[in-house]
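Reading the structure
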Amino acid sequence: MQNYDNEKGSTTVTILLIIMLVIIGVLIYILAGGPTPKFSGSVGVQSPEIKIDNEQAYDIETGNFNDGLIKPNFSETYELNEFGEGVAQKEIFDQDINGDGRNDRITKTKYENGTAHYYYTYKIELNQNGVFVDITPDDFKTIEGADCSLQKLQFIFTPDFRVKKISRDWQDSWTTPTMAIQTTYALTDNSLQPINSKKLKEICNVAELF
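The sections below set out a description of the structure shown in this document. (Residues numbered from 1 in each chain as written. Predicted model: local features only at pLDDT ≥ 70, side-chain atom pairs only at ≥ 80, totals over all residues. Heavy atoms only, no water.)

**Thoughts on the environment of Gln 193**
Turning to its location among the elements, Gln 193 is positioned in strand β10 (residues 191–203). Here the alpha-carbon distance between Gln 193 and Val 163, two residues 30 residues apart in the chain, equals 9.7 Å. Gln 193 has contacts with Thr 184, Tyr 185 and Ala 186, leaving out every residue within four places of it along the chain. In this structure the side chain of Gln 193 is engaged in a polar contact, spanning 2.6 Å, whose partner is the side chain of Ser 191. (Helix = DSSP H or I, 4+ residues; strand = E, 2+ residues; numbered from the N terminus. Contact = heavy atoms within 4.5 Å. Polar contact = N/O pair within 3.5 Å; in protein donor to acceptor, adjacent residues only side chain to side chain.)

Have a look at this one:
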C-alpha cells in the first residue's frame, strides 16, 4: 500500500512539473515575440473622405445646392438689362488653398440670360507674393436648366483642396437623362489639374450625384 501511495505521489508531481514547464515555455514564446494574433475586421482610424454629405450638398425639396463655398468676403448684386440678361451677382471668397499662409481668391459669378438657364462661373487665383495668378481650368462653370442641371462643381477644402465637377451631355431635351461623368481636380505645383475621372450613371439632374 505504501508503495502504491509513493507511486501515486510521484506521478502527481511529474504531471505538475510537466504543466509548469508547458506554461513557462508558452510565456517565454510570447515574450520572445511570437506571431501577432489575427483579428477579424479592420482596426484603426479611417482617413476622412473628401466629400460633403449628400443631404448637405443637395436638398431635393428646395432644389438648393451647396457648392462648398460659404461666407463670402465680398458680395454684390447687379441690375440686369431690359431683357433680364447680364451679371446678377458676384461673390469673392478669400481662403488659403495651397497652404502657404497667404489667402488666395475664388470668385463666383452668376449670369442670367433672360431664361431659366442661368449659370455660375468660378475663377480661382493663387496669391503669389501679392500677385493673384489665375489657375482656373477650362469649363469651370455650371449649366443650369429649369428642371435639371447638366454641370455642377463642388469645392472641398479639407484635408486637401479639391474640386469635384460632375457633368453630362445635352441630348434631345434638357430632361433627357444622359451619362454623367465625375472629374476631380487637385493642386499640383500650384496648378489645378484633373487627377481622376469616372462614369457615374445616366441621370437628369447631376446635382443629385454629389
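There's more to say after this.
**Observations regarding the side chain of Gln 182**
In this fold, Gln 182 is placed in strand β9 (residues 178–188). Exposure remark for Gln 182: the relative accessible area of 11% places this residue in the buried category. In contact with Gln 182, other than residues within four places in its own chain, are Lys 164, Lys 165, Ile 166, Asn 196, Ser 197, Lys 198 and Leu 200. (Buried < 20%, exposed > 50% of the residue type's maximum accessible area, 1.4 Å probe, protein only.)

**Quick look at unusual backbone geometry**
Working note: non-glycine residues mostly have negative phi, and peptide bonds are mostly trans. Residue Pro 159 is reached from Thr 158 by a cis peptide bond, and omega for that bond is -5°. For Pro 159, the location among the structural elements is in the loop between β7 (149–156) and β8 (162–168). We note that Asp 189 has phi near 55°; this positive angle belongs to a residue other than glycine. Tracing the backbone through its elements, the reader meets Asp 189 in the loop between β9 and β10.

**A look at the packing of aromatic side chains**
For the coordinates displayed, the defined rule picks out seven aromatic pairs. Ring geometry for Phe 157 against Phe 161: centres 5.5 Å apart, planes inclined by 45°, an arrangement best described as tilted. Taking the relative accessible area as the measure of exposure, Phe 157 reaches 22% and is therefore partly exposed. On the accessibility criterion, Phe 161 (4% relative accessible area) is buried. Each residue in the set Tyr 122, Phe 155, Phe 157 and Phe 161 is aromatic and connected to the rest through ring pairs, giving one cluster. (Phe/Tyr/Trp six-rings, centres within 6.5 Å; stacked < 30°, edge-to-face > 60°.)

**Details of the sheet that holds strand β6 (residues 143–144)**
Here we have five strands laid out as an open sheet, ordered β6-β7-β8-β9-β10, and antiparallel in their pairing. Edge strands, defined here as strands with exactly one partner in the open sheet, are β6 and β10. Across two bridges, β6 lies against β7 in antiparallel orientation. Across the sheet, Ile 143 pairs through a bridge with Gln 151, a residue of β7. (Pairing = 2+ DSSP bridges.)

**A short note on the pairing of strand β5 (residues 131–134)**
Pairing of strand β4 (residues 119–128) with β5 involves four bridges; the strand directions are antiparallel. If you follow Gln 128 over to β5, its bridge partner there is Val 131. If you look at the hairpin formed by β4 and β5, you'll find two residues sitting between the two strands, and Asn 129 has a positive phi there, around 55°.

**Details of the sheet that holds strand β3 (residues 104–113)**
The sheet built from five strands is open, its strands ordered β1-β2-β3-β4-β5 with antiparallel pairing. Each having just a single partner strand, β1 (74–77) and β5 make up the two edges of the open sheet. Each adjacent strand pair in this sheet contributes to an overall mean axis angle of 20°, direction not counted. The pairing of β3 with β4 spans seven bridges and is antiparallel. Within β4, the position partnered with Ile 106 by the bridge is Ile 124. (Axes fitted to C-alpha atoms, helices over the stretch in contact; angles between N-to-C directions.)

**Comments concerning the pattern of salt bridges**
Applying the stated rule across the entire model yields seven salt bridges. The salt bridge partner of Arg 102 is Asp 100, with a shortest N-O separation of 3.1 Å. Judged by its relative accessible area of 31%, Arg 102 falls in the partly exposed class. Through salt bridges with shared partners, a single ionic network connects Arg 105, Lys 123 and Glu 125. (Salt bridge = Lys/Arg side-chain N within 4 Å of Asp/Glu carboxyl O.)

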